[in-house]
Amino acid sequence: GQQLNQSPQSMFIQEGEDVSMNCTSSSIFNTWLWYKQDPGEGPVLLIALYKAGELTSNGRLTAQFGITRKDSFLNISASIPSDVGIYFCAGQLGSKLTFGKGITLSVRP
Amino acid sequence: DTGVSQDPRHKITKRGQNVTFRCDPISEHNRLYWYRQTLGQGPEFLTYFQNEAQLEKSRLLSDRFSAERPKGSFSTLEIQRTEQGDSAMYLCASSERQGRSYEQYFGPGTRLTVT
C-alpha cells in the first residue's frame, strides 16, 4: 500500500531556531496536509497544499507541495516551546488520508 | 466553537466484551471518517461516510467492527468481541462535502485499552 516516509523519528532544537521536516512518498497525491498532535489528543490541521509547487504559509509555518507530487516539506521558523509535539504529513487521494509515522519535535528553552 | 467531539475519551474493557464509541462531527460537515492510531504510528483509515451512506471501508475493518451514521449526523463505531490487538486510539474526523473536502478535522479521540 501507499507509504509516507518521515525521518528522522525525533528532532531536538533550541528555542528560536528554525526547523525543517520533509515527507516523501512512492505514490502521487492530489493534496498534502500537515498536522500536529499533542499527547492524548487528536491531530490538528496546520496547513493544506492543493497544487504541485505551491508554497503556503500560516504564521511561522511554511509548507511546500513538491513538483513531483510525491513529497512535501514543512518549515517552522523561530521555534517556541509550544511547538513541541508530533508532526504528521498526510497525502490525500480519493476520500482518505494516508499518514506518515510522524516526527517528534522537542524544543529546548 | 463546535469542533468534532468524541465520547468516551477513554475506555477500558476486558477481552471479549463489546464496546461502542460515538462521534459528533462539525455541524455543517457532510463527510465523516474513522481512523485508528497505534503507538508510534500515524492514523490509519478505517471507514468513511457521506451523509448516512458508508462509501468506503478499509480492509482493517474486520467483521467485528461496524460503523453507522443513521441520520447523517453523529456516528457510532462498535467493536464486538474485543481483542488485545484492538487497543488503540480511535479517531473521528469530518470534512465539508464540497470545496475543501480534503481538509479533515479530527476529534480528540477515544483511547481503548483491552485487558
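**Q** Mind showing me how you'd approach the interface of chain B and chain A here?
**A** A common measure of how large an interface is: the accessible area buried when the components associate. On the side of chain A, 19 residues touch chain B, which itself brings 21 residues to the contact. Between chain B and chain A the total buried area reaches about 1700 Å² when both faces are included, carbon and sulfur atoms providing 55% of it. In terms of surface lost to chain A, no three residues of chain B exceed P43, Y102 and F106 of chain B, which account for 30% of the buried area on that side. Taken together, the links from chain B to chain A amount to one salt bridge. Across the pair E41 of chain A and R9 of chain B runs a salt bridge whose closest N-O atoms are separated by 3.5 Å. There are eight residue pairs in polar contact (both at pLDDT 80 or more) connecting chain B and chain A. Those elements that place two or more of their residues in the side of chain B that touches chain A are β4 (31–37), β5 (44–50), β9 (88–95) and β10 (105–106) of chain B.

**Q** I keep staring at the packing of aromatic side chains and nothing clicks. Help me out?
**A** Within a pair of aromatic rings, the relevant descriptors are the distance that separates the centres and the angle that separates the planes. With the rule as written, the count across this model stands at 12 aromatic pairs over all chains. Ring centres of Y50 of chain A and Y102 of chain B lie 5.0 Å apart, and the angle between their planes is 45 degrees; this geometry places the pair in the tilted category. One end of the pair, Y50 of chain A, is in the loop between β5 (44–49) and β6 (55–58); the other, Y102 of chain B, is in the loop between β9 and β10, on a second chain. Judged by its relative accessible area of 26%, Y50 of chain A falls in the partly exposed class. Judged by centre distance (5.5 Å) and plane angle (40 degrees), the rings of F21 of chain B and Y90 of chain B are tilted. Placement of F21 of chain B in strand β3 (residues 19–24) and of Y90 of chain B in strand β9 is noted, with a sequence separation of 69 residues between them. Here Y90 of chain B falls in the buried class, since its relative accessible area comes to 0%. By way of ring pairs, the aromatic residues Y35, F88 and F99 of chain A together with Y35, F45 and F106 of chain B are connected into one cluster. Taking NZ or CZ as reference, R22 of chain B lies 3.9 Å from the ring centre of F74 of chain B, over its face.

Thresholds applied
- Residues numbered from 1 in each chain as written.
- Chains lettered and ligands numbered in written order.
- Predicted model: local features only at pLDDT ≥ 70, side-chain atom pairs only at ≥ 80, totals over all residues.
- Heavy atoms only, no water.
- Contact = heavy atoms within 4.5 Å.
- Buried area = accessible area lost by both parts, 1.4 Å probe.
- Salt bridge = Lys/Arg side-chain N within 4 Å of Asp/Glu carboxyl O.
- Polar contact = N/O pair within 3.5 Å; in protein donor to acceptor, adjacent residues only side chain to side chain.
- Helix = DSSP H or I, 4+ residues; strand = E, 2+ residues; numbered from the N terminus.
- Phe/Tyr/Trp six-rings, centres within 6.5 Å; stacked < 30°, edge-to-face > 60°.
- Buried < 20%, exposed > 50% of the residue type's maximum accessible area, 1.4 Å probe, protein only.
- Lys NZ or Arg CZ within 6 Å of the ring centre and 35° of its normal.

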